[in-house]
Each structure stands twice: as C-alpha cells, then as structure tokens.
Amino acid sequence: MNSLKRIYGLIGYPVKHSLSAAMHNAAFKELKIRGEIDYDAEYKLFEVKPENLDNFLNSLEEKNIYGLNVTIPHKEKVFNFVEFDENSSYLEQVKAINTIVKKENVWMGYNTDIPGFSRHLKENIDPLNKKVAILGAGGAGRAVSYAVSHLKAKEISIYDTDKNKVKNIIEMIKKIFGDFNIKSADSVEQLNILDKDILINATPVGMKDADVCLVSEKMLHKDLFVYDLIYNPKETKLLALAKKVGAKSSNGLKMLLYQGMLSFEIWAGKKAPKEVMWQALSSQISTK
Ligand code: NAP
C-alpha cells in the first residue's frame, strides 16, 4: 500500500467557485469508511495560470497527483497531453475532455460531461427524433451537441456569438455522424425555438445576477423542455421564464453529479457513492 495520500483535483483558472471538491472528498471518505479503498485521497482545487500549465503538467508525479478534472482555459492544451482508449477515440473529433487519469505510465483523457448530460437529459426527455436548439458553442456546447446527435435527435440549431465555434461544431458533427441535420443560427430569434422540442443553454449567461435572459417569453412554449447547464443559481432567469410559460425544465446540478460520479469511477475503479455525492453537492448550493 502506498502510504502517501493520493491527490486528485481540478485545474483551471479561475477555479474558486467549483463544487467538485466537496463532492469528491465526500466520496473518497465514504469509500474509505466502507473499506472499499485502503488509501487516503484528497481532491484539491489547483488554480494554474496558463503560463504555468506546462510546469504543472510536468510535476504531476512529484505532487502525487493520480487524476484531474480539467476546465477553462486548459482544456485545449491538456487535450494534446493525453491519449485515448478505444472507447473514447471519438474524443479525437469532439476535442473536449474534462477528466484525466494515469494508466500504465500514460495519461489518458475522458469526457464525462457527455454521458453525464445524456443520462440526466434522458431522465427528463428522450431526445430521439426531437428538434433541439442550443445556445453556446464552447466546450459544453460541443459536448451537448455530440450527446444529442448520438442520441439521434432529429435536428439541431445552434447559436453562439462566436460564429467560428458554431462552424467547428457543425464540421465535427458531420464528420462523426455523416449527414446529420445541424445548422447555425445567426441570432437567438433565428433558433426558432417555437418550433423546437428542447432548448439547451450551454453559455455561462445566467450565472451572474446582472446577466440578461438570452430568450424572451414570446420565444418559448409550454411543450418545450428547457435544460440550463448552469446549476448556481439553482433557478436562472431562463428557468424562471420556462416555469412562467408552463414548460418543463432542469438546471445542471444532476449533470454535475453524474459527470462527477463517472470521473470518480475512472479514478477509483469503484462504484461512486451517489447519495453521499448528491448530499455534498446540494448542501454546497443551499449555503451559497
Ligand atoms: P465556454 O467554453 O466559455 O463556452 C461558452 C460559450 O458561450 C462561448 O463560446 C461564448 O462565446 C458563448 N457565449 C457567451 N455569451 C453568449 C451570448 N450572450 N450569446 C451566445 N453565446 C454566448 O464555457 P463552457 O465550458 O462551454 O461552459 C458553459 C456553461 O456550462 C457554464 O455556465 C458552465 O458552468 C456550464 N457547465 C455546466 C456543467 C454541468 O455539469 N452542469 C458542465 C460543463 C459546463 P464567447 O467565447 O464569444 O464569449
């Protein structure tokens, strides 16, 4: 048994507001109490400036780091640092990873946002043959676009202020899924949400009190399902508007749980303790 504490964590810049430490530390503690692991482990937040990333990645062994979550702005660089196993080779096209682990001396990359999001979306609505509108074409937008295409949605319309990012997603989806019906919208209005079954917000707009709502009431309808990836605040202006028009909706807290459970299982090789992780997350949100 290695007596040194195993270190896991999140690298990003900034990372101060992450809820992941509470969730993963609760999970490691629970498995130690149950006797399912025989080592101590701690999940830490690593705020690493872009100019210090190379040094950080070269010092993982000396820091006793066994696995990491990766967030903005390091996803791209870390993507080039890892290899993919045969079940994750699609990530070479998706180019979005959020979890790394060392296996037989090689750092391997995974994306647990995709299955985490897919699981929670399907608990609410099966996207099979549904028309989907997506706001945001960053890392989360790429993951969500891949997920709903893989789950055989009928069509996707996607809007982002950065047209290039949308173009890249469309290229990625066509490369992986062939002639999939995915198109770019030049504005939120052009998403034509009234004609859609599912609306997904994958932008950070809604996290701050001062943020506007990207859609107006007249764009929504009661048969729409609205999924906002934001989990803090629990109810964004978008979710409040969805409620007002009678549409079903969800925030992203369960997605955070499910992606966290999958990352934990990749690192620990054990089943993640769902309830313990959910309690840790929920208590963080309610005290904020
Ligand atoms: P990101 O890479 O920064 O992407 C966000 C995208 O939204 C960017 O392309 C940005 O464009 C675009 N955008 C910003 N303001 C916009 C606006 N007014 N209209 C249209 N597009 C706009 O961030 P991310 O990693 O994808 O994360 C997005 C959100 O998802 C965050 O709130 C994050 O917390 C959340 N998230 C949640 C989970 C979960 O587990 N629930 C997982 C992953 C992400 P510019 O670059 O031009 O600003």
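Because the structure is predicted, anything quoted here is derived from the model rather than measured.

Below, the discussion takes up the site of the ligand. In the vicinity of the ligand, 23 residues are found, and the nearest of them are Ala140, Asp160, Lys165, Leu229 and Gly252. In the model, a nitrogen atom of the ligand is placed 2.9 Å from a nitrogen or oxygen of the Leu229 main chain. Note that a nitrogen atom of the ligand is positioned 2.9 Å from one of the backbone N or O atoms of Gly252. Look at the ligand: alone it shows 920 Å² of surface, and the protein chains cover 76% of it. If you list the elements that add at least two residues to the shell around the ligand, you get α6 (139–150) and α9 (253–268). The class makeup of the residues in the shell around the ligand is 13 nonpolar, six polar and four charged.

Here we take up the pattern of salt bridges. If you walk through the whole model with that rule in mind, you get 16 salt bridges. Across the pair Glu36 and Arg34 runs a salt bridge whose closest N-O atoms are separated by 3.3 Å. By relative accessible area, Glu36 is classed as partly exposed at 31%. Looking at Arg34, the relative accessible area reads 44%, which means it is partly exposed. Note that Glu235 and Lys243 form a salt bridge whose closest N and O atoms lie 2.9 Å from each other. Relative accessible area serves as the criterion here: at 41%, Glu235 is assigned to the partly exposed category. Residue class for Lys243 comes out exposed when judged on its relative accessible area of 59%.

Moving on to the packing of aromatic side chains. Following the criterion strictly, the structure yields twelve aromatic pairs and no others. Ring geometry for Tyr8 versus Phe28: centroids 4.9 Å apart, planes at 25°, classification stacked. Here the residue Tyr8 occupies a position in strand β1 (residues 6–12), and Phe28 occupies one in helix α1 (residues 20–34), the gap between them amounting to 20 residues. The same class applies to Tyr8 as to Phe28, namely buried. For the pair Tyr43 and Trp267, a centre-to-centre distance of 5.9 Å together with 45° between the ring planes defines the contact as tilted.

What counts as what
Residues numbered from 1 in each chain as written. Predicted model: local features only at pLDDT ≥ 70, side-chain atom pairs only at ≥ 80, totals over all residues. Heavy atoms only, no water. Near = heavy atom within 4 Å. Polar contact = N/O pair within 3.5 Å; in protein donor to acceptor, adjacent residues only side chain to side chain. Areas by Shrake-Rupley, 256 points an atom, 1.4 Å probe, with all protein chains shown as cover. Helix = DSSP H or I, 4+ residues; strand = E, 2+ residues; numbered from the N terminus. Nonpolar A, V, L, I, M, F, W, Y, C, P; charged D, E, K, R; others polar. Salt bridge = Lys/Arg side-chain N within 4 Å of Asp/Glu carboxyl O. Buried < 20%, exposed > 50% of the residue type's maximum accessible area, 1.4 Å probe, protein only. Phe/Tyr/Trp six-rings, centres within 6.5 Å; stacked < 30°, edge-to-face > 60°.

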